[in-house]
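Geometric and topological summary
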Amino acid sequence: KTLSVSSGLTFTLGTPSQSWLTVKKSGSNVLVSATANSGAKRSATFNINCGTIHKTVTVTQLANYVTPAEKSWESNAAGQTKTIAVSTGTGALTVECDANWITVTENDTSVTITTDPNSFTLPRTARITLRSGNMYGSIDVTQKENYLNVPPGFTLEASADPAEVAIEAGNG
């Protein structure tokens, strides 16, 4: 970032209080840069000195993290939608999913996950990767299997009269 300084006299810069911050004078501007933050919110200061006047400038760099409110979710076999809150240090969130049976939409505070119906007799799994800056988080999704449960040894004899039969069919 560039900080423009207005002064009738020549000014100098003091050394930043933290090594992750650098400042450089360029004419009447101060060029301020910081290394990438891989942790918590942090602050540093430096002085702009002009004769007997000393102004302290505080630079605050946001934290960089990604934390989903839930790290895993189980969907039913019929297909389901769930919204999960996500906290980030920078607010900018992007997502990727390794399965084509899941649709994910994101904003800066949550992800909405929608699963397609599972027509298979086995559960399936996927991972949603969340990214903010250079930090990553993930949500593991398991979708239940589709099943048809007929009791062992079940037999149905047909007759001329209507019959009622209870068969349990589930979709998770």
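Residues numbered from 1 in each chain as written. Predicted model: local features only at pLDDT ≥ 70, side-chain atom pairs only at ≥ 80, totals over all residues. Heavy atoms only, no water.

What follows concerns the nonpolar core. Residues I102, V111, I113, I128, L130, I139 and V141 are the most contacted members of the largest nonpolar core, which totals 17 residues. Elements with a contribution of two residues or more to this core: strand 9 (81–88), strand 11 (102–106), strand 12 (110–115), strand 13 (124–132) and strand 14 (135–143). No other element matches strand 13, which puts 3 residues into this core. Excluding residues that lie within four positions of it along the chain, V141 makes contacts with W73, W101, I102, I113, T115, R124, T125, A126 and I128. Membership of the second largest hydrophobic core comes to 12 residues, among which are V5, W20, V32 and V59. (Core = buried A, V, L, I, M, F, W, Y, C linked by side-chain atoms within 4.5 Å. Buried < 20%, exposed > 50% of the residue type's maximum accessible area, 1.4 Å probe, protein only. Helix = DSSP H or I, 4+ residues; strand = E, 2+ residues; numbered from the N terminus. Contact = heavy atoms within 4.5 Å.)

In this section: the environment of T60. Within the fold, T60 resides in strand 6 (residues 53–61). Residue classification places T60 among the partly exposed residues on the basis of a relative accessible area of 42%. Residues T60 and R42, spaced 18 residues apart in sequence, show a C-alpha to C-alpha distance of 5.7 Å. Non-local contacts of T60, meaning those with residues more than four positions away in its chain, are made with K41, R42 and S43. A polar contact is formed between the side chain of T60 and the side chain of S43, at a distance of 3.0 Å. (Polar contact = N/O pair within 3.5 Å; in protein donor to acceptor, adjacent residues only side chain to side chain.)

The subject of this paragraph is the sheet that holds strand 7 (residues 66–68). Taken in spatial order, the 4 strands of this open sheet run 7-9-12-11, and their pairing is antiparallel. With one partner strand each, in any of the chains shown, strand 7 and strand 11 form the two edges of the open sheet. When strand polarity is set aside, the average angle formed by the axes of neighbouring strands in this sheet is 25°. Summarising the sheet, strand 11 and strand 12 pair through 5 bridges and their orientation is antiparallel. Considered in strand 12, the bridge of V104 is made with I113. (Pairing = 2+ DSSP bridges. Axes fitted to C-alpha atoms, helices over the stretch in contact; angles between N-to-C directions.)

Another point: the pairing of strand 8 (residues 72–75). A one-sided burial pattern is seen for strand 8, the buried positions being W73 and S75 and the unburied ones S72 and E74. In the sheet, strand 8 pairs with strand 14 via 4 bridges, with the strands oriented parallel. Bridge pairing links E74 to T142 in strand 14.

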